[in-house]
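Coordinate analysis (summary)
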Amino acid sequence: MSEQVYLTLRCREQWERGRRWNVRCQGDSLTLEPGNFAGLICLAPVDSREAGFQWSRLRLRGDVPQDGSIRVYARASDRPDWPEWEGLEMGEELPARIRDLFGMPAAADLDLWLTCSGRYLWLALEMTAGGADRPRLDGLSLRLAGDHMVDYLPAIYREQDFTYRYLSIFNSMFQDMEAAIDDLPRLLDAASAPPEMLSFLAKWLCVDPEEGGDLRRRLPQVLEEYKSMYTPEGIARSTQRLTGRRPWIVEHFAVDPNDPDCRNPGLYRRLYGEDPYRFFLLLPQDTFSDQRELERFLSRMRELIPAETTLELVLLKPCVQLDWHTYLGINSQIGSYVQAAIDEKMTIHYNTTIGGADHE
């Protein structure tokens, strides 16, 4: 079947061209005014640009609660003017006046078939609610072009209205399936998938959407990330994604107290122990706002480190004594202890503190 062409209304500017009674714009959607249980919007006429045009399918997008409804009234004509329509007054009498002009509503459904013909189409949408939940209209689509199942039948069947309307049921189902298949590439592409589908794609790739970060940018690269996920660079990348901070990572072999070149084996044993499967993750003290956030980070990191390894988190204070877990930055080295002399008679010993906060 050939491509179906629809005219779609779905933004505030299009709704505001019509006239509303007890209906308001909520973003780009329509809903009832607070405190009202019935409302109506009269849309501006739609021009098909073809005399005698046969209006057919109308699809509404939105949400209708179980005790609510959206009724559609439709009328078509080849004349662009309709004095009765133009003279409508918004007020309590409007619903009854609309029924006098249009007759019975086309349907109270989100997917319906219109039977009117004419170049211009007038639509009125009546919303009702029976409880706290209100109907919401996000948009509507009018079919303008495209073939129909009946077009493939012999000419004798094409003129029968019953055949046309009966096949329209299956025609709509078939068109929806075609549209869904055509839309699959867009839905499976991280660059164009809607937010709810983006989270679904992330779970396919074993990415937790709650980890944060830009999923649209990350998902195309995630397979490459997995190649280095359990390396020091991969662990640092995971930490930065969860905390926003780039960590320092100290592995056992880098400070092995049994190494012949180790200058202070006793100190390194106290700091790092002798477990070859444990590594240390160093972060600034203000990385976590509370204990719960810290524990959540550790819980997530257990799934992002190599099996049989243990992570020990070390939080670095802004000011530390030159002893346990002291790090001065890149390419810094702590030499042997040398006493600092104030004058010939007084020296500063290792247990003397200089500076610090006022209260210290």
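Above this text you will find the structure in question.
Residues numbered from 1 in each chain as written. Predicted model: local features only at pLDDT ≥ 70, side-chain atom pairs only at ≥ 80, totals over all residues. Heavy atoms only, no water.

1. Thoughts on the overall build of the protein
- Looking only at helices and strands, the protein has 11 helices and 16 strands in total.
- Counting the 360 residues in the protein, one finds 35% classified as buried.
- Expressed as a percentage of contacts within the protein between residues at least 6 apart in sequence, the contacts between residues at least 24 apart total 67%.
- Approximately 22,700 Å² of the protein is accessible, and the part contributed by carbon and sulfur atoms is 51%. (Helix = DSSP H or I, 4+ residues; strand = E, 2+ residues; numbered from the N terminus. Buried < 20%, exposed > 50% of the residue type's maximum accessible area, 1.4 Å probe, protein only. Contact = heavy atoms within 4.5 Å. Areas by Shrake-Rupley, 256 points an atom, 1.4 Å probe, with all protein chains shown as cover.)

2. Things to note about the packing of aromatic side chains
- Taken as a whole, this structure holds 9 aromatic pairs when the rule is applied.
- Look at Trp82 and Trp122: their rings are 5.4 Å apart centre to centre, the planes differ by 70°, and that puts the pair in the edge-to-face class. Pair noted here: Trp82 is in the loop between strand 8 (68-77) and helix 2 (83-86) and Trp122 is in strand 10 (residues 120-129), with a separation of 40 residues, a long-range link. Each member of the pair, Trp82 as well as Trp122, is classed as buried.
- Ring geometry for Tyr120 against Trp122: centres 6.5 Å apart, planes inclined by 45°, an arrangement best described as tilted. The same class applies to Tyr120 as to Trp122, namely buried.
- Of the aromatic side chains, those joined through ring pairs into one cluster are Tyr73, Trp82, Trp85, Phe102, Tyr120 and Trp122.
- The ring of Trp122 has Arg75 sitting right over it, with the charged end atom 5.4 Å from the ring centre.
- For the cation-ring pair, Arg134 lies above Phe37, with the distance from its terminal atom to the ring centre recorded as 4.7 Å. (Phe/Tyr/Trp six-rings, centres within 6.5 Å; stacked < 30°, edge-to-face > 60°. Lys NZ or Arg CZ within 6 Å of the ring centre and 35° of its normal.)

3. Some points on the sheet that holds strand 14 (residues 310-316)
- The mixed open sheet is built from 3 strands, whose spatial order is 12-13-14. The strands lining the two open edges of the sheet, one partner per strand, are strand 12 (248-250) and strand 14. Sheet twist, expressed as the mean angle between neighbouring strand axes with direction ignored, is 25°. (Pairing = 2+ DSSP bridges. Axes fitted to C-alpha atoms, helices over the stretch in contact; angles between N-to-C directions.)

4. Some words on the side chain of Thr243
- In this structure, Thr243 sits in helix 9 (residues 232-243).
- Using a relative accessible area of 17% as the deciding quantity, one classes Thr243 as buried.
- A distance of 2.7 Å separates the side chain of Thr243 from the backbone oxygen of Thr239, its partner in a polar contact.
- Here the side chain of Thr243 touches Arg245 through a polar contact of 3.1 Å, landing on its backbone nitrogen.
- Here Thr243 is in contact with Thr287, Phe288 and Phe297, once residues within four sequence places are set aside. (Polar contact = N/O pair within 3.5 Å; in protein donor to acceptor, adjacent residues only side chain to side chain.)

Any functional reading would require information beyond the geometric quantities listed.
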